[in-house]
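Descriptive structure summary
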Amino acid sequence: MAKTKPKHKVYLVENHPVTRDGFAELINYQQDLVCCGSAGTAAKALADIDVVEPDLVILDMFLPDGHGIELIKDLIVRRPNQRILVLAMHDERLFAERALRAGAKGYVMKQEPTEVVMSAIRKVLLGEAYLSPELQHQILGQFAGEKTNGSRSTIEELTDREIEVFELIGRGLRTHEISSRLRLSPSTVETYRGRLKEKLELSGAAKLTHRAVEWVSCQKG
């Protein structure tokens, strides 16, 4: 009797329970894949993944207790060979390259057809990288010295940490809450606020908060 080939273990990190459960069902429907666990927060994901040791982690960028970029970095520190695929609503141009630099092996948008997402999963499991044709074109264009839509936007020029602070401001957190969440001093958070206002050319705290709320709403889709 032929020996059954083990399935690849996939762990899901997704903020929305309905999306998370639906995607877990889709994974389990595949003959070669099994969902070995899931989480709605970065903290639970880090605790679980050390135990279940998945072949692949699929994660979203928008999590209630942190940014996906930081989670990717944390996972790679703990498990340097961990294969990670980002499945996101977020602007591909802004986050894909950051995710890859942090250690992810692929980035696919949630709007893509199921077969595209499954292809991305299997490519990353094989150790290959997955990028959309559009993103591949953008990256090749940058290497060739092409300009894409003129100069970079001010949001694109923010550092990973600045984007993380910007996102938390947009989610309604105050300085002391951001300080606690990111393990930074309140004065450091205020320094980041100042940098954000300068880079985004905003004259006050109210305008910074308004801009951040608008941006977070767009990222949530």
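In the block above lies the structure referred to throughout.
The following refers to the structure shown.

What counts, and where the lines are drawn
Residues numbered from 1 in each chain as written. Predicted model: local features only at pLDDT ≥ 70, side-chain atom pairs only at ≥ 80, totals over all residues. Heavy atoms only, no water. Helix = DSSP H or I, 4+ residues; strand = E, 2+ residues; numbered from the N terminus. Buried < 20%, exposed > 50% of the residue type's maximum accessible area, 1.4 Å probe, protein only. Areas by Shrake-Rupley, 256 points an atom, 1.4 Å probe, with all protein chains shown as cover. Core = buried A, V, L, I, M, F, W, Y, C linked by side-chain atoms within 4.5 Å. Contact = heavy atoms within 4.5 Å. Salt bridge = Lys/Arg side-chain N within 4 Å of Asp/Glu carboxyl O. Polar contact = N/O pair within 3.5 Å; in protein donor to acceptor, adjacent residues only side chain to side chain. Pairing = 2+ DSSP bridges. Axes fitted to C-alpha atoms, helices over the stretch in contact; angles between N-to-C directions. 1 Å grid on protein atoms, 1.4 Å probe; cavity = no way out; pocket = protein on both sides within 12 Å on 5 of 7 lines; lining within 4 Å. Points joined across faces, edges and corners; volume = space filled by probe spheres on them. Nonpolar A, V, L, I, M, F, W, Y, C, P; charged D, E, K, R; others polar. Expected span 1.5 Å × (residues − 1). Arc of directions from axis to C-beta.

So, the overall build of the protein
Of the regular secondary structure elements, the protein holds 10 helices and 7 strands. Burial statistics for the protein: of 221 residues in total, 45% are counted as buried. Of the accessible surface of the protein, which amounts to about 11900 Å², a share of 52% is contributed by carbon and sulfur atoms.

Considering the nonpolar core
One finds Leu59, Met61, Ile72, Val86 and Tyr107 to be the most contacted residues of the largest nonpolar core, which totals 50 residues. Ignoring sequence-local partners within four residues, the contact set of Ile72 consists of Leu59, Met61, Ile84, Val86, Ala99, Ala102, Gly103 and Ala104. In this structure, Leu12, Ile27, Leu56 and Ala120 belong to the second largest nonpolar core, which totals 19 residues.

Points about the pattern of salt bridges
On inspection of all chains with the given rule, the structure shows 12 salt bridges. Between Asp160 and Arg98 there is a salt bridge, and its shortest N-O distance comes to 2.7 Å. One end of the pair, Asp160, is in helix H7 (residues 160–170); the other, Arg98, is in helix H4 (residues 92–102), and 62 residues separate them in sequence. Accessibility expressed as a relative area gives 6% for Arg98, which makes it buried. Glu164 serves as the salt-bridge partner of Arg161, at 3.0 Å between the closest nitrogen and oxygen.

Quick look at the side chain of Glu162
With respect to the helices, strands and loops of the structure, Glu162 is situated in helix H7. For Glu162, a relative accessible area of 2% puts it in the buried group. Polar contacts involving the side chain of Glu162 include one to the main-chain amide nitrogen of Thr159, which spans 2.9 Å. Of the polar contacts made by the side chain of Glu162, one reaches the side chain of Lys199; its length is 2.8 Å. Residue contacts for Glu162: discarding those within four places in its chain leaves Tyr192, Arg195, Leu196 and Lys199.

Focus on the sheet that holds strand E1 (residues 8–13)
Strand pairing in a sheet relies on backbone hydrogen bonds. The paired strands run either parallel or antiparallel. Within the open sheet, the 5 strands sit side by side as E2-E1-E3-E6-E7. Their pairing is parallel. Of all the strands in the sheet, just strand E2 (33–39) and strand E7 (106–109) have a single pairing partner and so form its edges. Averaged over all pairs of adjacent strands, the angle between strand axes in this sheet comes to 25°, irrespective of strand direction. Bridge count for E1 against strand E3 (residues 56–59) is 4 bridges, and the pairing is parallel. Among the inter-strand pairings, Val10 is bridged to a residue of E3, identified as Leu56.

Quick look at empty space enclosed by the protein
Scanning the entire structure with this criterion turns up 1 cavity of 30 Å³ or more. Lining the largest cavity are Leu12, Val13, Glu14, Thr19, Arg20, Phe23, Ile58, Leu59, Asp60, Leu87 and Lys110. Secondary structure elements with two or more residues in the lining of the largest cavity: E1, helix H1 (17–29) and E3. Top element by residues in the lining of the largest cavity is H1. It accounts for 3 residues. Tallied by class, the residues present in the lining of the largest cavity amount to 6 nonpolar, 1 polar and 4 charged.

A word on helix H9 (residues 186–199)
Spanning 14 residues, H9 covers 20 Å between terminal C-alpha atoms, matching the ideal 20 Å at 1.5 Å per step. Buried within H9 we find Val189, Tyr192, Arg193 and Leu196. Mapping the buried residues of H9 onto a view down its axis gives an arc of 105°, with all of them on the same face. Of the residues trailing H9, Glu201 is marked for its positive phi of about 55°.

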